[in-house]
Amino acid sequence: MPSHEPTAAERFINGIIPENPVYRQLLGMCPTLAVTAGMKPAMTMAAATAFVLIMANIIVSLIRGLLKPHLRILVFTLTIATFVTIADRVLAAYLWEMSKALGPYVPLIIVNCLIISRCEICSSKQGPGVAIADAVGMSLGFALALASIATVREILGAGTWFGLPVLSATWWPTWGVMMLPPGAFLTLGLLLGLAEWIGQKKKQSSA
Amino acid sequence: MSETSPKSGYLRQAWLVILLALFYGAALAGVQVTLGPRIAKNKLNETYEQVPKIVPGADQTKTVPRTVKGEVDGKEYSVYQAFSMGGDHVGWVVPASGQGFADRIDVLVGIDAPLETITGLYVLDQKETPGLGNLIVKNEEPDDFCNRFKQLQAEPTLEVFKDEPPPGSNGIRALSGATISSKGVANAVNSALDNLKGPMGALPDRPPSEPAAPTSETDKREDD
Amino acid sequence: MDTLIALIQIAIGAALINNFVLYYFVGICPFLGVSRRVDTAFGMGCAVTFVISIAATLSWAFTYFILRPEAPLPTWVWETLGGDPGTKVDLSVLSYIMYIFVIASSVQFVEMYVRKFFPPLYKSFGVFLPLITTNCAILFACLKILAELQDPEQLWGLHQALTLAVGGGVGFTIAICLMAGIREELDMCDVPKPLRGAGISLIVAGIMAMAFAGFAGMDSGIKDALAMFLK
C-alpha cells in the first residue's frame, strides 16, 4: 500500500504542536522536569538539544543508504554521543555558569528518546532537507514545551522571567515549591492535562 | 543489495562504524585541544576571581597555588596564597567543603597571613533549599550571611548561634529557618582550618620567582 | 568505620534523600510507562538495579584507569611510546561515548541472561528490557561517579561507586513500586478525562516528591547517630 511520505513542510509543522515531543509524544521528560526552574537554563537546554538533534539528523540522513538494520542503533548512538560531547564542551568553555547549573543534564541528552526516535523514524529514511525540517520543527516544539513549563515555574516560584522581575515580591509570596521537584511534577502534570483538554475540545468542535 | 555470506556482510557493515568512530574521534580530539584550556581556565577562575574579594588587598594575578597535606586526614589539598600588588603576603584562600542540609556545600574561606582572623567567605557551590538555605550565598550588605564570618577567629572552633552571638564568643548568627545549612558552612570552615592551618603555617612567606596564576584577561596571551 | 558510615550515607542519600526519580528526575519514562502493576514494576526495578550495578562497575573501572585526567593506563602508554613524561594525559572527552556503550553492553548482557534463565520474565518484559538502555537513571549514575572521580580530593573507589549505583537502583525500585501501587488504586477512581494516564501520574509523582522531601537533612544526622551507635 503506497504511503504518502511527509514532506519537509509537513514534518516541520508536525513537530511544533501536533506531535509535540513533550506534550504529545511524552519524550524527553527528564530535562523537561529538571532544567525548567528558570527560563535561562530551559532555553540553554533547548538550544543544546536542538544542536544535537539537527546535526544528528543531518549526518544520519547523509549516510542513510549505508545503514544496515543491525548496526543502525549503534550508529545513531555514536553520532548522538559525539555531538552531545561537543555541545557540553562548548557550553563549559563559553557559558561556564550555565554549564554548572545544567550539570549532568546536558550529557543526558544522549538518552533523550526524542533524538533516537527522530533518527529512526525520519532521517534514516528521508533526505537531508526533510531531516533538517523535521529536526528544526521538533526542536521548536521542544523549546516551546520547555518555555511553557519554565514560564509557569519561574514566575510563580521566583516572580521573575529570564531573571527579570515580573511579579513584585511585595504582593506575590513566591511559591518555593515551584522551584523544587514537586513543583516540576505538578506543573507538568497539570499542563499535560490542559494540553489534552484543548486537544479533545478541538476534536469535538471539528467532529 | 546482493546476497553475500553473513560474515562478509558483518565486515562490510563494520567498516562504516569504524570509519565513523575514527571521524568522530578526530572531531572530539579537536574539540578537546581547542576548548580544553579554556575550560580549565574557567574552572580556576572561579577561585581566583574571589581572591581579591575575600582577602582585602590581594591582587588576583599574584595568587600562588600551593598543595598541603592535611594533618587530620593526611590527604592532599590545594590552598591559595594571596599576595598584594607589591608582593606582600596578605592572606590565604582555603577551599572547604562540608555536608549541608541537602547536599555538599563548597566554600572558599579567606584568612589573614598569620592564619588568625577570617577575612571573608564565598560559597562556590550549594544545593540548599531555595529561599531558605540557599541564602548562604548572600554577601552584599554588611550583615548578609557570608559577611558574618568576617573578623572571626580561626581558634577556638566557630560556633553557630540561633540569636546574636554572646559577647566574647567566636561564632555567627544562623540564618533564620536554615540552621542546618548555616552549621554546614561553619563545620566546613572549622574542619578545613583544623586540618590545614598547621601545614599552611609552614609554607614560605614569599612567592616563588614565577607565580603561575592565570587571569581572566588571557586573550592577549593565547597564541592561536 | 568512617568508611562504613560514609557508605551508608551514600546509600541512603541515593535511595531516599536524593531519590533518582523524585529528586533528580531521571528514569521518568519507565516510571510513567511501566508502573501499572506492582509485580511488573518490581521486576523492572530489579532489572534496572542489576543493569546499574554492572554499568557502574564497568564505567568506574574504565574511568579510573583510562578516562580521567592523568589516568594510569594512558599515561603509561604515552611514556612507553616515548612521550614527554610531564604532560597530563586526558582522555575524558571520550567519557560519554564510553558510558553509553558500557550501558548498551550491560543491557545486552542482562537481556541474554534473563532470556536464558527466566524465560517467562523475559516475555513479560517485552520491549522494555532493551529500552533500559535509554533509561536516564543508569547514565546518570555513571555521570555522578565521573564527577566524583574528576575531583582529586574525592576520588571514589569502587566501593563508593557501587554503593551509589545499588542505592540509586533500590531508590528507583521503591519509587516505581509505590507509584504502581497508587496507580492500581487510581484505576478504580474517577480521574478527569484530560488527566488520565500521564497527567495524573505526574501529579501523584509530585505529591510523592513532596513526601520524599521529608527525608532531606537526614544524612547530616545519620553520621552523628551512627558514630554514637557504633562507638
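This section reports on the structure supplied with the text. Worth saying up front: this structure is predicted, and the values here are computed from it rather than measured. (Residues numbered from 1 in each chain as written. Chains lettered and ligands numbered in written order. Predicted model: local features only at pLDDT ≥ 70, side-chain atom pairs only at ≥ 80, totals over all residues. Heavy atoms only, no water.)

Some thoughts on the interface of chain A and chain B
Thought 1: Each partner contributes residues to the interface: chain A has 23 residues there, and chain B has 19 residues.
Thought 2: Summed over both sides, the interface between chain A and chain B buries roughly 2100 Å², with carbon and sulfur atoms accounting for 77% of that surface.
Thought 3: For the pair chain A and chain B, the interface holds one salt bridge.
Thought 4: Note that Lys-100 of chain A is salt-bridged to Glu-46 of chain B, the shortest N-O span being 2.3 Å. (Contact = heavy atoms within 4.5 Å. Buried area = accessible area lost by both parts, 1.4 Å probe. Salt bridge = Lys/Arg side-chain N within 4 Å of Asp/Glu carboxyl O.)

Some words on the interface of chain A and chain C
Thought 1: Each partner contributes to the interface: chain A provides 33 residues, whereas chain C provides 33 residues.
Thought 2: Here chain A meets chain C over a buried area of about 3000 Å², counting both sides, of which 83% is carbon and sulfur.
Thought 3: Broken down residue by residue, the surface that chain A buries against chain C is led by Cys-30, Val-111 and Phe-185 of chain A, which jointly contribute 21%.
Thought 4: Our enumeration of links across chain A and chain C arrives at zero salt bridges.
Thought 5: Our count for the contact surface shared by chain A and chain C stands at two residue pairs in polar contact (both at pLDDT 80 or more). (Polar contact = N/O pair within 3.5 Å; in protein donor to acceptor, adjacent residues only side chain to side chain.)

Describing empty space enclosed by the protein
Thought 1: In this structure the tally under the stated criterion is three cavities of 30 Å³ or more.
Thought 2: The calculated volume of the largest cavity comes to roughly 50 Å³.
Thought 3: It is helix α2 (residues 29-34) of chain A that contributes the most residues to the lining of the largest cavity, three residues altogether.
Thought 4: Roughly 40 Å³ of internal volume is contained in the second largest cavity.
Thought 5: As for the second largest cavity, its lining consists of Ala-154, Thr-157, Val-189, Asn-190, Leu-193, Asp-194 and Lys-197 of chain B.
Thought 6: For the lining of the second largest cavity, the class distribution of residues is three nonpolar, two polar and two charged. (1 Å grid on protein atoms, 1.4 Å probe; cavity = no way out; pocket = protein on both sides within 12 Å on 5 of 7 lines; lining within 4 Å. Points joined across faces, edges and corners; volume = space filled by probe spheres on them. Helix = DSSP H or I, 4+ residues; strand = E, 2+ residues; numbered from the N terminus. Nonpolar A, V, L, I, M, F, W, Y, C, P; charged D, E, K, R; others polar.)

Description of the pairing of strand β3 (residues 89-99) of chain B
All names here are of chain B.
Thought 1: Two strands pair when backbone bridges link them, and strand β2 (residues 76-83) and β3 are joined in this way by four bridges, in the antiparallel orientation. What sits directly across from Gln-81, in β3, is Trp-92.
Thought 2: Following β2, the chain reverses through five residues before pairing antiparallel with β3; Gly-87 in that reversal takes a positive phi of roughly 95 degrees.
Thought 3: Sheet topology places β3 next to strand β4 (residues 104-112); nine bridges connect them, and they run antiparallel. Paired with Val-93 across the strands is Gly-110, a residue of β4. (Pairing = 2+ DSSP bridges.)

Remarks on the packing of aromatic side chains
Thought 1: For the structure on display, the rule yields 19 aromatic pairs over all chains.
Thought 2: With 5.1 Å between their ring centres and 85 degrees between their planes, Trp-161 of chain A and Phe-162 of chain A make a pair best called edge-to-face.
Thought 3: Judged by relative accessible area, Phe-162 of chain A falls into the partly exposed class, the value being 32%.
Thought 4: Taken together, a centroid distance of 4.7 Å and an interplanar angle of 45 degrees make the contact between Tyr-24 of chain C and Phe-140 of chain C tilted. Of this pair, Tyr-24 of chain C sits in the loop between α1 (2-17) and α2 (28-33) while Phe-140 of chain C is found in helix α7 (residues 136-150), placing the two residues 116 residues apart along the sequence. Side by side, Tyr-24 of chain C and Phe-140 of chain C carry an identical accessibility label, which is buried.
Thought 5: What links up through ring pairs into an aromatic cluster is the set Tyr-105 of chain A together with Phe-20, Tyr-23, Tyr-24 and Phe-140 of chain C.
Thought 6: Just above the ring of Tyr-64 of chain C sits the side chain of Arg-68 of chain C; from NZ or CZ to the centre is 4.3 Å. (Phe/Tyr/Trp six-rings, centres within 6.5 Å; stacked < 30°, edge-to-face > 60°. Buried < 20%, exposed > 50% of the residue type's maximum accessible area, 1.4 Å probe, protein only. Lys NZ or Arg CZ within 6 Å of the ring centre and 35° of its normal.)

Notes on a nonpolar patch on the surface
Residues and elements named next belong to chain C.
Thought 1: A cluster of nonpolar residues, Phe-50, Phe-109, Met-112, Tyr-113, Phe-117, Phe-118 and Leu-121, forms a patch on the protein surface that exposes about 700 Å² of accessible area.
Thought 2: The element that contributes the greatest number of residues to the nonpolar patch is helix α5 (residues 95-117), accounting for four residues.
Thought 3: Counting through the fold element by element, Phe-109 comes out in helix α5.
Thought 4: Residue Phe-109 is classed as partly exposed on the basis of its relative accessible area, which comes to 44%. (Patch = residues over 30% accessible without salt bridge, like charges linked within 9 Å, V, L, I, M, F, W, Y side chains within 5 Å. Areas by Shrake-Rupley, 256 points an atom, 1.4 Å probe, with all protein chains shown as cover.)

Describing the environment of Ala-165 of chain C
All names here are of chain C.
Thought 1: Note on placement: Ala-165 falls in helix α8 (residues 158-186).
Thought 2: Between the C-alpha atom of Ala-165 and that of Ile-17, which follows or precedes it by 148 residues, the distance is 14 Å.
Thought 3: Leave out the neighbours within four places in its chain, and Ala-165 touches Ile-52, Ser-53 and Ala-56.

Some thoughts on the pairing of strand β1 (residues 64-69) of chain B
Residues and elements named next belong to chain B.
Thought 1: Side chains of β1 alternate between two faces, with Val-64, Arg-66 and Val-68 buried and Pro-65, Thr-67 and Lys-69 left unburied.
Thought 2: By the bridge criterion, six bridges tie β1 to β2 in an arrangement that is antiparallel. Each residue of the ladder has a partner; that of Val-64, found in β2, is Gln-81.
Thought 3: Here β1 hands over to β2 after six residues, with Gly-74 in that stretch at a positive phi of 75 degrees.

Some points on the state of the cysteines
Thought 1: All chains considered together, the criterion is met by zero disulfides over all chains.
Thought 2: Between Cys-29 of chain C, a free cysteine, and Cys-113 of chain A, which holds the nearest cysteine sulfur, the sulfur-to-sulfur gap is 4.4 Å.
Thought 3: Among the residues examined, Cys-29 of chain C registers a relative accessible area of 28% and is labelled partly exposed.
Thought 4: Take Cys-142 of chain C: it sits in no disulfide, and the sulfur closest to it among the cysteines is that of Cys-136 of chain C, at 12 Å. (Disulfide = S-S within 2.5 Å.)

Comments concerning the environment of Met-55 of chain A
Residues and elements named next belong to chain A.
Thought 1: Tracing the chain through its elements places Met-55 in helix α3 (residues 39-62).
Thought 2: On the accessibility criterion, Met-55 (27% relative accessible area) is partly exposed.
Thought 3: Measuring from C-alpha to C-alpha, the distance between Met-55 and Leu-71 comes to 19 Å, with 16 residues separating the pair along the chain.

Things to note about helix α9 (residues 198-212) of chain C
Thought 1: For α9 of chain C, built from 15 residues, the straight-helix expectation of 21 Å at 1.5 Å per residue is met to within 8% by its first-to-last C-alpha distance of 20 Å.
Thought 2: Most of α9 of chain C is tucked away, with 12 of its 15 residues classed as buried.
Thought 3: On its buried face, α9 of chain C is in contact with α8 (181-206) of chain A together with α1, α2 and α8 of chain C. (Expected span 1.5 Å × (residues − 1).)

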